[in-house]
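# Structural overview for review
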Amino acid sequence: MPTREEVLAELSKVKGPDLQGDIVSLGLVSDVFISDGRVIFSITVPAERAQELEPMRQAAEKVVGKLPGVEKVLAALTSERQGGAGAKAPPPVRPAPAAVDMGSVPPPMQRRAVPAAPEQSAKPGVPGVKAIIAVASGKGGVGKSTTTCNLALALQANGLKVGVLDADIYGPSIPRLFRVSGRPEPVSGRILKPLEGYGIKVMSMGFLVEEETPMIWRGPMVISAITQMLREVAWGELDVLVVDMPPGTGDAQLTMAQNVPLAGAVIVSTPQDLALIDARKGLNMFRRVDVPLLGIVENMSYFLCPDCGGRHDIFGHGGARAEAEKLGVPFLGEVPLDMAIRVNSDAGTPVTVTDPDGAHAAIYRDIATKVWAEVQRNREDGQRAAPRIVIES
Ligand code: ADP
């Protein structure tokens, strides 16, 4: 592994913004953390120039990536949070109530008005599945799938029956995270039996195509793939189906948000401002289609150094909490950047099941408790807003 000095020496070859000086002597590089083949640092830039300076970030990752012993480099652009850093936030809005569960009462006998969220309640649900939650992020690599996996296991640890739908068709990682492989068998007609990992029913495009197969998805294909995985799978009775969304705010997300009665969305973000700008886009997309926001998880929130035991806020910890408060969305919790989380996730032995008494599992269970409380609260609000009209026959 290279030393910090060696990393900085490489980084000093990267020119600063406007090609003046280099990023190290301009004082733009944060603390550098090196652990387990990974080098992590951030570069401070003005928020409004983030996009334009992306090549600079990539150049920094590239030079460090060439050092012997480096497996992965994570360079993030951060900006000082000074008023106008980033897009203007919309005013806080109360989340819309979730879709009303019609329960077992035959529809003709009972009609409910749900004035606050007519679009959500009009969408057909998935039989047997009481609530569907989307886990989303504005961009890739922030730990969305890792959060989906551990959140699902934590919901299960809290006593719920849980399924996971991997809608991240561009990079399905749920099979690896749950350590499940194989092909789903048909149960009847087109309906497939989901696979199972750690007691959780799992469906993923990763089961249907080879991992290395390059997939070119066009809008309508994305829509039909996700719809099939949702509706043509024998999910059985579930309290909650957790959906790992593809990163970003493209077709797939909109389809889910528009066609599925989502009980809500959890947004995963890293704390740095620029990631939050992306996260905000995700958040606003769900708001536009009236999907309740269950809250924001700050992943890779702080770094606990395995060597010195010290806590380091490399990405500017606390950004997501501040953002959540500003947007009037619940803040669900902070997950540290920890090699144990990465190693276990990548090995298919997620911390929530392999170390249930550990600190990380406790964090995920706490997040799960808050998510579920939010789902219930929305549901109760929805029912209050929805006077029951019983038509006597
Ligand atoms: P996304 O779904 O947003 O693309 P992943 O969940 O695949 O992100 O995570 C990207 C990488 O970061 C993976 O190697 C994962 O193990 C790692 N990772 C995610 N969360 C953490 C964390 N809290 N600490 C350490 N590594 C993490």
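Source: prediction; values computed, not measured.

When two helices pack together, their arrangement is given by the angle between the helix axes and by the axis-to-axis distance. Running from N to C, helix α1 (residues 4–11) and helix α2 (residues 54–65) cross one another at 130 degrees; their axes reach a closest spacing of 9 Å. The angle between α1 and α2 falls in the class oblique. For the pair α1 and α2, the sense of crossing is right-handed. Here α1 contributes V7, E10 and L11 to the contact with α2, which in turn contributes A60, V63 and V64.

Before going further, it helps to spend a moment on the nonpolar core. Ranked by size, the top nonpolar core spans 79 residues in total, and within it I132, L155, F178, W235, L241, V266 and F286 carry the most contacts. Setting aside its immediate chain neighbours within four residues, F178 contacts C149, A152, L153, V164, G197, Y198, I200, V202 and G348. Core analysis: the next-biggest nonpolar cluster, separate from the first, contains 22 residues, V7, L8, L67 and V70 among them.

This part takes up the side chain of R38. If you trace the backbone, R38 turns up in strand β2 (residues 38–44). For the buried R38, no salt bridge exists, and the shortest N-O distance to an oppositely charged side chain is 5.8 Å, to D346.

What follows deals with the site of the ligand. As a matter of local geometry, the ligand sits amid 18 residues, with G141, K144, S145, T146 and P336 nearest to it. Within the backbone of S145, one N or O atom sits 2.8 Å away from an oxygen atom of the ligand. N299 places a polar side-chain atom, nitrogen or oxygen, 2.9 Å from a nitrogen atom of the ligand. Burial of the ligand by the protein chains amounts to 88% of its free accessible area of 560 Å². Residue assignment for the shell around the ligand shows that the elements contributing at least two residues are α4 (144–157), β13 (293–304), β15 (331–337) and α10 (339–346). Here the shell around the ligand gets 4 residues from one element, more than from any other, and that element is α10.

Positionally, Q156 belongs in helix α4. Among the residues examined, Q156 registers a relative accessible area of 25% and is labelled partly exposed. Each C-alpha atom, one on Q156 and one on Y198, is 9.6 Å from the other, the two residues being 42 residues apart in sequence. Those residues in contact with Q156 that lie beyond four places of it in its chain are V162, Y198, G199 and I200.

The 3 strands lie next to each other as β1-β2-β3, forming an open sheet whose pairing is mixed. Sheet topology places β1 (33–35) and β3 (72–78) at the edges, where each strand pairs with a single neighbour. If you compare each strand with its neighbour and ignore which way they point, the axes differ by 15 degrees on average. Of the strand pairs in this sheet, β2 and β3 are connected by 7 bridges, and their pairing is parallel. Opposite T44, over in β3, you have T78 as the bridge partner. In the packing of α2 onto the sheet, contacts are made with β2 and β3, and the angle to β3 comes to roughly 155 degrees.

Time to look at α4. Across its 14 residues, α4 extends 20 Å between first and last C-alpha, which sits within 8% of the 20 Å expected from 1.5 Å per residue. Here α4 lies mainly inside the structure; 12 of its 14 residues are buried. Residues of α4 that are buried include every one of K144, S145, T146, T147, T148, C149, N150, L151, A152, L153, A154 and L155, and no others. G159, located one to two residues past α4, shows a positive phi value of around 105 degrees.

One can find D307 in the loop between β13 and β14 (311–312). Between the alpha carbons of D307 and S35 there is a distance of 9.2 Å; along the sequence they are 272 residues apart.

With that out of the way, let us pick up the pairing of β13. Judged by how many residues are buried, β13 sits mostly within the fold: 11 of 12 residues are covered. Note: strand β12 (residues 264–269) against β13, 5 bridges, orientation parallel. Note on β13: the bridge partner recorded for V266 is G295. Judged from the 5 bridges that link them, β13 and β15 form a sheet pairing that is parallel. Within β15, the residue paired with E298 across the bridge is E334. Strand direction decides the pairing type here: β13 and β14, joined by 2 bridges, are antiparallel. Of the residues in β14, the one forming a bridge with L304 is R311. Between β13 and β14, which pair antiparallel in sequence order, lie 6 residues; one of them, G309, sits at a positive phi of approximately 75 degrees.

Basis of the calculations
Residues numbered from 1 in each chain as written. Predicted model: local features only at pLDDT ≥ 70, side-chain atom pairs only at ≥ 80, totals over all residues. Heavy atoms only, no water. Axes fitted to C-alpha atoms, helices over the stretch in contact; angles between N-to-C directions. Helix = DSSP H or I, 4+ residues; strand = E, 2+ residues; numbered from the N terminus. Parallel < 35°, antiparallel > 145°, perpendicular 65-115°, else oblique. Left-handed = near helix turned anticlockwise from the far one by under 90°. Contact = heavy atoms within 4.5 Å. Core = buried A, V, L, I, M, F, W, Y, C linked by side-chain atoms within 4.5 Å. Buried < 20%, exposed > 50% of the residue type's maximum accessible area, 1.4 Å probe, protein only. Lys, Arg positive; Asp, Glu negative; His and termini not counted. Salt bridge = Lys/Arg side-chain N within 4 Å of Asp/Glu carboxyl O. Near = heavy atom within 4 Å. Polar contact = N/O pair within 3.5 Å; in protein donor to acceptor, adjacent residues only side chain to side chain. Areas by Shrake-Rupley, 256 points an atom, 1.4 Å probe, with all protein chains shown as cover. Pairing = 2+ DSSP bridges. Expected span 1.5 Å × (residues − 1).

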